[in-house]
Structure formats: structure tokens, C-alpha cells
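Here are the chains, one letter per residue:
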Amino acid sequence: GTLPDEQTAFVDAIEGDVRSGRLAAVADLTFLAQDDYAQQRGLVDDLLQRGIAGSIAAFASWNTTANTLGTAIPEAIAVAAGKRMGSYDARAHAQFMLDRYADDYAFHDFTRPALNAWLSERGVSDHTYLLPVVAEQTTWRNRADLWPRSLALLAAIYPQYADGGLTITLPWDRTFET
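Residues numbered from 1 in each chain as written. Predicted model: local features only at pLDDT ≥ 70, side-chain atom pairs only at ≥ 80, totals over all residues. Heavy atoms only, no water.

*Asks:* Can you lay out helix 5 (residues 132-157) for me, pointing to particular residues and giving the numbers?
*Replies:* Each turn of an α-helix holds 3.6 residues, which means side chains three or four residues apart point in the same direction. In this model, helix 5 (26 residues) spans 35 Å end to end at C-alpha, consistent with the 38 Å of a helix rising 1.5 Å per residue. All of the buried residues along helix 5 are Val 134, Ala 135, Thr 138, Thr 139, Asn 142, Leu 146, Ser 150, Leu 153, Leu 154 and Ile 157. Next to the buried residues of helix 5 lie helix 2 (37-50) and helix 4 (90-121). (Helix = DSSP H or I, 4+ residues; strand = E, 2+ residues; numbered from the N terminus. Expected span 1.5 Å × (residues − 1). Buried < 20%, exposed > 50% of the residue type's maximum accessible area, 1.4 Å probe, protein only. Contact = heavy atoms within 4.5 Å.)

Structure follows, in C-alpha cells:
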């Protein structure tokens, strides 16, 4: 429920940090606004529009507040420690961040709602356990939709890197995560 001027001030602060060389970690809790995908997309859309999505130290936005914080904080600590110790691996960090943006943003805000609607149209109302045949079809649809979204994120956020072989799966027979 962040107001537009509050959102702008928040993104201004993040941008100020990254432009000045300070580390910024983002734990985006908009997923708590269930089924409000415009609200859920807003922060990442702003980070992408300003060209700073790839400059933050950490990003997470899914499942529970504890999982989100439990992902963003250790990621930020790893980046800070790696930079301080001279062992920071920009490519490994980009891989991890792309995974977060692909899963927590592209999958949950675009692909997952489309998959769930597609399943519901076919009479599959329980998306927490899919029968094997349905799970296989859903996995293919997931990959077909999420792959180009992930490549677009890669190009927008990390243009210095190329697709080295994205693996996109539904790890369990459900549409909860990818």
C-alpha cells in the first residue's frame, strides 16, 4: 500500500545509494498485496526504468517476509564481504540476482498468474499439486513464457552478460515457484 510519492522517495534513496557507491539491499514485500500484480511489479519496474536494478547488492520478494529478508540480507552480506575481502565475483552475483528477478518478479507477477488462469480454464483448480501429465504441460508453458522474460531481464539489467544456458523448471508439481 505504498503511496506513489513514498515509492518515488524510496527508489530515489536506493538510486542515491548505488550512484554514490553505497550498497543497497531491497526486500520488497509487495507480494503481501495478493493478486495486485501492478503493485507487486511497481518497485522492480522503477528499478528497471532507472537502470539501477543491476546495481543493488541484493533483491528478494517472495513467499514470506522471513524468506524475503532471509534471502536479501545474506546476499547483501556476501556482496559486502566479497568486496571488502577482494573476492567479490560480479558474475556469480549477477547470476543470483537474475534468478531473483526471474522468479520473484517475472514468474510471480506475469508467468504464474497466466499459468494459474490456464490451469483453471482447464478445470484444474488446485495449483498446489498437479498430476504428472498436467505438471509436464505446465512446465512447458512455464518455460515458454518465462524464458523470453528472463532473457529480456538479462539484457536490461546485465547487458554485459549473455545467456549461457538458462534452466527453467517447476521444481515440484505445483505453480508456487520456478
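Resuming the write-up.
*Asks:* Go over the nonpolar core, please, and point to the residues and values.
*Replies:* By size, the foremost hydrophobic cluster in this structure holds 27 residues, and its most contacted members are Ile 14, Leu 47, Ile 56, Phe 59, Tyr 101 and Leu 153. Taken together, the elements giving at least two residues each to this core come down to helix 1 (4-19), helix 2, helix 4 and helix 5. With near-sequence residues (within four places) excluded, Ile 56 lies in contact with Ile 14, Val 18, Ala 24, Val 26, Leu 47, His 93, Met 97 and Tyr 101. (Core = buried A, V, L, I, M, F, W, Y, C linked by side-chain atoms within 4.5 Å.)

*Asks:* Outline empty space enclosed by the protein, listing residues and values.
*Replies:* Under the definition given, this model contains one cavity of 30 Å³ or more. Quantified by volume, the largest cavity comes out at close to 40 Å³. Taken together, Thr 30, Phe 31, Gln 40, Ser 61, Trp 62, Asp 104, His 108 and Asp 109 make up the full set of residues lining the largest cavity. Here the element with the most residues in the lining of the largest cavity is helix 4; it accounts for three residues. (1 Å grid on protein atoms, 1.4 Å probe; cavity = no way out; pocket = protein on both sides within 12 Å on 5 of 7 lines; lining within 4 Å. Points joined across faces, edges and corners; volume = space filled by probe spheres on them.)

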